Amino acid sequence: MSEESQKTQRIAKNTFILYVRMLFTVFISLYTARLVLDKLGAEDYGIYNVVGGVVAMMWMLNGALQSSTTRNITIELGCENFEKLNKVFGNALSIHGLLSFVILLIGETIGLWFVCNQLNIPSDRIIAAQWIYQTSILSMVISVMSVPFNAAIVAYEKMSVYSYISILDVVLKLVVVFALDLGSTDRLVMYSVLMFATQFVVQGCYIIYGLVKLPEITFHFLYDKKIFTSMLAFAGWNLIGSGSALVMTTGHSIILNQFFGPLVNAAKGIANTVLSKAGSLGNSFQMALNPQIYKSYATGNMEYMHKLIFASSKFSYFLIFIISLPIIIEADNILGFWLKEVPKYTIGFVRLLLLTTAVNALCNPQVIAAQATGNIKKFQMVESFILLSILPFTWMVLKFGLEPLSAFYIYLVIHIVAVLARAIMLRKMINLSLKTYLRYVIFPIIIVTVGTTLVGFVLHELVKPAYFITSLLVCSVLSIITVLSVFFIGLQKNEQNLVKEKIAFVIAKMLNISK
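Residues numbered from 1 in each chain as written. Predicted model: local features only at pLDDT ≥ 70, side-chain atom pairs only at ≥ 80, totals over all residues. Heavy atoms only, no water.

**Student:** Looking at this structure, how should I read the packing of aromatic side chains?
**Tutor:** Here a ring pair, both rings aromatic, is described through the centre-centre distance and the interplanar angle of the planes. The final tally for this structure, using the stated rule, is 11 aromatic pairs. Look at Phe 408 and Tyr 411: their rings are 6.5 Å apart centre to centre, the planes differ by 55°, and that puts the pair in the tilted class. One end of the pair is Phe 408 and the other is Tyr 411, both in helix 15 (residues 405-429) and 3 residues apart, which spans about a single turn. The exposure classification of Phe 408 matches that of Tyr 411, with both residues buried. An aromatic cluster is built from Phe 89, Phe 149, Phe 219 and Phe 221, whose rings are joined through pairwise contacts. (Phe/Tyr/Trp six-rings, centres within 6.5 Å; stacked < 30°, edge-to-face > 60°. Helix = DSSP H or I, 4+ residues; strand = E, 2+ residues; numbered from the N terminus. Buried < 20%, exposed > 50% of the residue type's maximum accessible area, 1.4 Å probe, protein only.)

Take a look at the structure:
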């Protein structure tokens, strides 16, 4: 068996493992979100989302270092330079320890002032908001210290371990929701404390596994000037990109909060729950490919790297779109069946954010490819400028009195512009043909998206589903139509063969399990 075939089999195996994990976590998480909204109420749920979003703004620091750590560990592993890999890991621990201190410093000064004085929170819920904020800060510190271990697990392609711990995470969060009925204290406060405890257990599992099972990984703080400064320099430029994305997301929520209050944040929180689960489809596929993109660049196999970028872009988009389109068409019925009370604007938010999530699936392989080169200065600056433009445009349209939905139209359009801008920049960075990218990725996506969406709306108008069974029928028929359109119109012949191989792999796995 050729080396490329072995890599393809490994990707198929890891994709299957991550999909099993994804299916389980999606259903549990959606059920958990429904219970949380019901037990906390729309206002408290909105407060939890907006206060947690302020803490997430500081995650931009960790996001930048996380990418730097993942890249350097994977590159050294691809080159089989285990001595340097150990040094990289030790320096990563030192950097993340320093970052934890910075997060505590910023969080307990500027961040705390912002939560207490700038957010639109009812006066009788200020104490609860402070509990949310403090437990979120502690959760972030724990997550920051576990990042080097998470990066090592992914670099070694131990996707089964990642899947088991992810399943533990969602199960514990479900247990937390049921535990809310057992306490007599403020439910919002209790929920924030128990969510911190969950984070402590989950991140602890990553750390313990890394120390016990990965031979090159040891808990030691190192300072190698060359490695330390190299990782920080990469993280510094990557901070512009990851930071702008987080500022964009959180700033978007804060602007909505300032104009419309926490009830609109609750609607966006529900929409984010739906889109995060849809996005996990593409993320599962992408996570299986990311280490191979890094390693193919490290070994100079650019042709294989380009193949991975095209495949991961197209498959990630279609996997999300296949799930998203029935939800977009039947959003009013699906949300009505799922939630006891659907917050105002939620249906429109869900539809537009699902489309944005599908578009954003094209971003992941582009960013990974750019990060593999290590030369990301121009890439991050251009990307950040485009994404941050969402905030002033959003503020302007809301200031003119438009509905909250207009903010999400802007969100979608700017993300489409960003995808095209990244493709243009990759042309010079890794000699990726823009013409080939448009021909094999963008054009098939446009044809399938426009065609199946029109069919979906026509089908909805013909049936006009008013009951669960009729809505389910529309979703099922539309899913079949979309899958067939993707396979016969959206995929090239070699990609169709790859899909057949993966289906055969999954069937063989299931047959082995049944035995």
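Here the narrative resumes.
**Student:** What's the story with the packing of helix 16 (residues 434-463) against helix 17 (residues 468-490) in this structure? I'm lost.
**Tutor:** Relative orientation and spacing of two packed helices are given, respectively, by the angle between their axes and the distance between those axes. Direction vectors running N to C along helix 16 and helix 17 enclose 160°, while the axes themselves pass 10 Å from each other. Taken as axis vectors, helix 16 and helix 17 run roughly antiparallel relative to one another. The interaxial crossing formed by helix 16 with helix 17 has right-handed handedness. Two secondary-structure elements touch here, helix 16 through Pro 444, Ile 447, Val 448, Thr 452, Val 455, Gly 456, Leu 459 and Val 463 and helix 17 through Val 474, Val 477, Leu 478, Ile 481, Thr 482, Ser 485, Val 486, Ile 489 and Gly 490. (Axes fitted to C-alpha atoms, helices over the stretch in contact; angles between N-to-C directions. Parallel < 35°, antiparallel > 145°, perpendicular 65-115°, else oblique. Left-handed = near helix turned anticlockwise from the far one by under 90°. Contact = heavy atoms within 4.5 Å.)

**Student:** Just to check I follow, could you spell out the packing of helix 5 (residues 159-179) against helix 6 (residues 187-213) for this structure?
**Tutor:** Relative orientation of the contacting elements helix 5 and helix 6 amounts to 160°, with a least axis distance of 10 Å. Comparing the axis directions of helix 5 and helix 6 gives the class roughly antiparallel. Crossing of helix 5 over helix 6 shows right-handed handedness. Where helix 5 abuts helix 6, its residues Val 161, Tyr 162, Ile 165, Ser 166, Leu 168, Asp 169, Leu 172, Lys 173, Val 176, Val 177 and Ala 179 lie against Met 190, Tyr 191, Leu 194, Met 195, Thr 198, Val 201, Val 202, Cys 205, Tyr 206 and Tyr 209. When the residues that make up the contact of helix 5 with helix 6 are grouped by side-chain class, the tally is 17 nonpolar, 2 polar and 2 charged. (Nonpolar A, V, L, I, M, F, W, Y, C, P; charged D, E, K, R; others polar.)

**Student:** How should helix 17 be read in this particular structure?
**Tutor:** Along an α-helix, a turn takes 3.6 residues, which lines up residues three or four apart on a common side. The end-to-end C-alpha distance of helix 17, which contains 23 residues, comes to 31 Å, matching closely the 33 Å that a straight helix rising 1.5 Å per residue would cover. The complete set of buried residues in helix 17 reads Ser 471, Val 474, Cys 475, Leu 478, Thr 482, Ser 485, Val 486, Phe 487 and Gly 490. (Expected span 1.5 Å × (residues − 1).)

**Student:** What is the right way to read the environment of Tyr 345 from this model?
**Tutor:** Along the polypeptide, Tyr 345 turns up in the loop between helix 10 (331-338) and helix 11 (346-360). Put simply, Tyr 345 and Ala 266 are 79 residues apart on the chain and 9.7 Å apart in space, counted from C-alpha to C-alpha. If we ignore the near neighbours within four places in the chain, the residues touching Tyr 345 are Val 264, Ala 267, Glu 403 and Pro 404.

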